[in-house]
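Listed below, chain by chain, are the residues.
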Amino acid sequence: MIERWNRDQVLALAPDASSQKAAGTISSPGKWSGAGVTADAVWGECAGSGSKPYRACVDLSEPAYRCSCPSRKFPCKHALGLLLLWSANGVPAAEEVADWVGEWLDGRRDRAARAAEAGATRAARSGEAGPADSRRAALREQRVAAGLSDLERWLADQIRQGLAGSRRHDQWDDLVKRLIDAQAPAVAGSLSRLNTVLDGDDWPARLLSEYALLHLLCVAHRSLSAPADGGVDGGVGDGSGNVPEVAPAGLLERVRDRVGFSVTKEEVLAGEPVRDLWDVLGRRDEEHDRLIARRVWLRGRRTGRAALVLSFAPVGQALDASLVTGTTVDADLAFYPGSTPLRAVVAARYDTAHDAAPSGPPPGLTIERALDEVAEALAGDPWLDSWPLVLEGVTPAGSGSRLLAGPSGGLPLQESVGTPWRLVATSGGHPLTVAAEWTPRGLRPLTTWDEEGRVITL
Amino acid sequence: MNASADWEELVSTALVGTDRRPLPGEGASEVELLGHAAVHTLRMRAGRRPIAPGEPPALAAPEERPEVSRAAGDRLARVLGGEQPRLLTEWLETAAGRGYRLSPHLLPELLDHAARDRSIRPYLGVLAGNRGRWLAGLNPAWGFLLEEVTGVAATGSEPTSQVWEFGTSGDRRVHLGELRTADPTRARELLAATWEKEGPDDRAAFLEALSAGLSPEDEPFLESALDDRRREVRHQAADLLTRLPGSRLALRMAERVARYVTVAGGEIHVDPPVACDSTMERDGIRAKAPRGTGERGWWLQQAVARTPLEVWPRLLGRPPRELVRMKIVDWSREVMAGWVRAAVLQGDPEWALELFAWDPIADLLAALPRDRQESVAADFVRRHGLDGQLIMVLGGAAAPWGPALATAVLQKIIEVSGTQPWNLGELTKLAGERIDPALHDMAGRLSLEPSIQEVAALLRFRDDMLKELTQ
């Protein structure tokens, strides 16, 4: 039996605030009839404005949602309201699922099996590329290389002329367009996000860092894509030369990912999966250009590996809500290739008996160990700007509780976090386990666990 | 290049531009600078060490009270999140009354709430526990918590003088109230001993505690409080003295009204005062009339309100029942309003009942004993249409409403839903919030009318909520 999620966990699944509110209004037992819960599904019927009640059902093992209402939000308010009711212990246990629920669950499992088969076939086929494909690919390589050398020259120009005059928010627009035309969307994206850098007092230093890392990316792409050329001017390492001769395994893939060559999900799934009990540490949604990116951070209990499951949806539409903060999932993750693999997809999920809200926090690291880990990750991916950590025995400390402190010192929180009052209140001055996102600008707390082991989202 | 000074150097060179300030050495300066900057950036990111956190935070004191159950805490989070927001006060009042404390992670949100809404602060004194007071010490916006009742006075474990000497003003109020119930004389003496040192707000609040166990023995102290610097204190003292029929203030008031009001030929004749002198002001009559009110009528109304009600039958030779029905020549409105105010202030059920028939207002209903409240309110609901006044009157009926009033209100809802359903909102909400939640089954079975089902659902929500707070 899956342990009931708490209210925060349920609300975290909502696509937006209005859904949260709407769910709240229909989460009372009086709104539901024929509700029931088994080991891995919860269902019920909710009277709407029409004559027939809406039938909502949640497959808790994924979780996956189904409702007969016409809402395009996902999960809809009925599924959420039902989960809230369940969370408040308002759904009676049942031996068997209702008939209409059983049909849906069976249908889902059939489709999942067929999809897995089809995926395997596609993956097998994708090895064979036709001549047209390879011409297209070669053309793209040329365009990207030209775009990046354009960027490299532009960066050098900036430094030659001086950054002092460049504090304009639209100064990258042209260049971003050229990079998109050059089919290097990811690097165009990093460039277009630079305007946030200009807001702080230390903008010259931050801008220089960002330009330097972009420069590094151009150099790395140039050297790694054409290793035969050898010594090209400018680069990293000793300040004048090339990419080190022994580049970390997967660095090319990492560089290509940062430039914007995408890897298909099938290719990712074809890789070696990592099975573990994955603690879902927390998540963060970010909006760019009417698209919401959802990052869900995970750490493996046995392997200690960090993972990031990324998903996207247009604003107002459903985001993937299958990973619930504070739960532990037994799953295969397939990692995207590259040095410092972090991004992953869930390849398969196993026995949901482990999908409980675990009693107590996941194992954590000391601050020193965590910093070592970040350093190692940066060695494989110098462009890394986020990494999930579980810190053990840390206390909110310092002026305004803006540090997470361990026995030998503290790490600052990111400025935008403010005083993390919920964390401070939970701690009461005592050390706790805190899941946090490392960023170059400081930690961003995600989740903590109180003295009774309850998960508390921050 | 190695130290952070070099980084500063790189940044300032980049700001100026390598055209004007080339890096020493050969090669393209700008490319070299970018290379160095990349190395520095990564060194700074990867080489970060922990920094000295300064003084470790003080530890919050261990808690003395049990934490609310997980289910109860979850429900509070639901209410704070916008589900049934009007039940927040009931949740807090119940939990505080049962001596619980909140789960720590709920505190910041609730303290923020209380920073905006004073009315819930008294409950937080108990509910916030030691963790809450610890947080209030860290965030000045929550400092109000440190003045609220912490509940130490109520536990009885502390030596009483300690609370009175060192407690928060809330704790001292509770302590005084409890002592007053147990030993009225000692409570008064305790208050008198520190009276001069108390702040004006505290003086008014402490004086209120004397309303329990009020007796003629309190008169000299209260009489001296009529000379207090603070108006709230003077008024509180005058209100209390009005409830002591033999007090000097009562006698002075009786003398006054005897000059204004007489009976002749089965009618009441009124001749209000022409001036407000300093002795009237000392007895709690405010000289300055509100805008739009005549001065004479204003003084008259206040004098009537501060006259012990038992004066009237003696003075005018009729029982209350007849008095409120007699013709009053001129000034009728002022005399009746004065009686209404007196009945409320003095909590006189007989007068309140008679006056309610003339002017059904919530305060008069609240002055009735509990069982009378219910039957009077139920009767009113049956006879009165659904309007603002009905809602106001019901506001005076203490919760939880028993079956008689509940049935009357639910019947009214059914009746109105056929004719003007758009008007039902407030009555439906009030019914859900005030009816005894144990009656939710009864309500649900009464009718399938959506408004009734809504009331039933709200009652069930409250029933669950209260059960969670008993576990």
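Structure's up top.
Residues numbered from 1 in each chain as written. Chains lettered and ligands numbered in written order. Predicted model: local features only at pLDDT ≥ 70, side-chain atom pairs only at ≥ 80, totals over all residues. Heavy atoms only, no water.

*Asks:* Explain the sheet that holds strand β10 (residues 387-397) of chain A to me, and be specific about the residues and the numbers.
*Replies:* Whether parallel or antiparallel, the strands of a sheet pair through hydrogen bonds between backbone atoms. Residue and element names in this part refer to chain A. Here six strands make up an open sheet; going across it, the order is β12-β11-β10-β13-β14-β15 and the pairing antiparallel. Single-partner strands in this sheet number two, and they are β12 (409-412) and β15 (455-457). Along the sheet, successive strands turn relative to each other by an average axial angle of 45°, direction set aside. Relative to strand β11 (residues 403-406), β10 runs antiparallel, the two sharing three bridges. If you follow Pro-396 over to β11, its bridge partner there is Leu-404. Strand contacts of helix α11 (residues 367-380): β10, β11, β12 and β13 (432-439), with the helix running at about 155° to β10, the strand carrying the most contacts. (Pairing = 2+ DSSP bridges. Helix = DSSP H or I, 4+ residues; strand = E, 2+ residues; numbered from the N terminus. Axes fitted to C-alpha atoms, helices over the stretch in contact; angles between N-to-C directions. Contact = heavy atoms within 4.5 Å.)

*Asks:* Describe the interface of chain A and chain B, and please don't skip the residues or the numbers.
*Replies:* The interface of chain A with chain B comprises 68 residues on the first partner and 54 residues on the second. Roughly 5200 Å² of surface becomes buried between chain A and chain B when both sides are summed, with 64% attributable to carbon and sulfur atoms. Viewed at the interface, chain B and chain A are joined by four salt bridges. As a salt-bridge pair, Arg-454 of chain A and Glu-67 of chain B come within 2.6 Å of each other at their nearest N and O atoms. Elements with a minimum of two residues in the side of chain A that touches chain B: α5 (131-161), α8 (203-225), α11, β10, β11, β12 and α12 (421-427) of chain A. Tallying contributions element by element places α8 of chain A first for the side of chain A that touches chain B, with 11 residues. (Buried area = accessible area lost by both parts, 1.4 Å probe. Salt bridge = Lys/Arg side-chain N within 4 Å of Asp/Glu carboxyl O.)

*Asks:* Account for the packing of α5 of chain A against helix α6 (residues 173-181) of chain A, naming residues and giving values.
*Replies:* Residue and element names in this part refer to chain A. The N-to-C vectors of α5 and α6 enclose an angle of 160°; their axes lie 8 Å apart at closest approach. Between α5 and α6, the angle is such that the two are roughly antiparallel. Along this stretch, α5 crosses α6, giving a crossing that reads as left-handed. In this structure, α5 contributes Arg-143, Gly-147, Leu-148, Asp-150, Leu-151 and Trp-154 to the contact, and α6 contributes Leu-175, Arg-178, Leu-179 and Asp-181. By residue class, the composition of the contact of α5 with α6 is five nonpolar, one polar and four charged. (Parallel < 35°, antiparallel > 145°, perpendicular 65-115°, else oblique. Left-handed = near helix turned anticlockwise from the far one by under 90°. Nonpolar A, V, L, I, M, F, W, Y, C, P; charged D, E, K, R; others polar.)

*Asks:* Describe unusual backbone geometry, naming the residues involved and giving the relevant values.
*Replies:* With an omega dihedral of -5°, the bond running from Ala-399 of chain B to Pro-400 of chain B counts as a cis peptide bond. In this structure, Pro-400 of chain B sits in the loop between α24 (388-395) and α25 (403-419). Residue Gln-183 of chain A is not a glycine yet carries a positive backbone phi of 60°. Summarising the element assignment, Gln-183 of chain A is placed in the loop between α6 and α7 (185-192).

*Asks:* I'd love a proper account of the side chain of Arg-180 of chain B, names of residues and values included.
*Replies:* Residue and element names in this part refer to chain B. Structurally, Arg-180 can be placed in helix α10 (residues 169-182). Here the side chain of Arg-180 touches Pro-184 through a polar contact of 3.3 Å, landing on its backbone oxygen. With residues up to four places along the chain from it excluded, the contact list for Arg-180 reads Ala-187, Arg-188, Ala-209, Leu-210, Ala-212, Gly-213, Leu-214, Ser-215 and Asp-218. (Polar contact = N/O pair within 3.5 Å; in protein donor to acceptor, adjacent residues only side chain to side chain.)

*Asks:* Describe in detail the environment of Ser-149 of chain A, supporting the description with residues and values.
*Replies:* All names here are of chain A. The topology assignment puts Ser-149 in helix α5. When its relative accessible area of 25% is taken as the criterion, Ser-149 is described as partly exposed. For the pair Ser-149 and Cys-218, spaced 69 residues apart in the sequence, the C-alpha separation amounts to 7.0 Å. (Buried < 20%, exposed > 50% of the residue type's maximum accessible area, 1.4 Å probe, protein only.)

*Asks:* So what's going on with α24 of chain B? Which residues, and what values?
*Replies:* All names here are of chain B. Within the sequence span of α24, burial applies to Leu-390, Ile-391, Val-393 and Leu-394. Along the long axis of α24, the arc covered by the buried residues comes to 165°, so they all point the same way. Elements that come into contact with the buried residues of α24 comprise α21 (349-358), α22 (362-366), α23 (370-383), α25 and α26 (425-434). Where α24 starts, the residue carrying a side-chain oxygen 3.1 Å from the main-chain nitrogen of Gln-389 turns out to be Asp-387. (Arc of directions from axis to C-beta.)

*Asks:* So, the pairing of strand β4 (residues 64-67) of chain A: which residues are in play, and what are the values?
*Replies:* Taken residue by residue, a regular strand's side chains alternate between the two faces of the sheet. All names here are of chain A. Across four bridges, the pairing between strand β3 (residues 54-59) and β4 is antiparallel. Across the sheet, Cys-57 pairs through a bridge with Arg-66, a residue of β4. Connecting β3 to the antiparallel partner β4 that follows it, the hairpin turn spans four residues.

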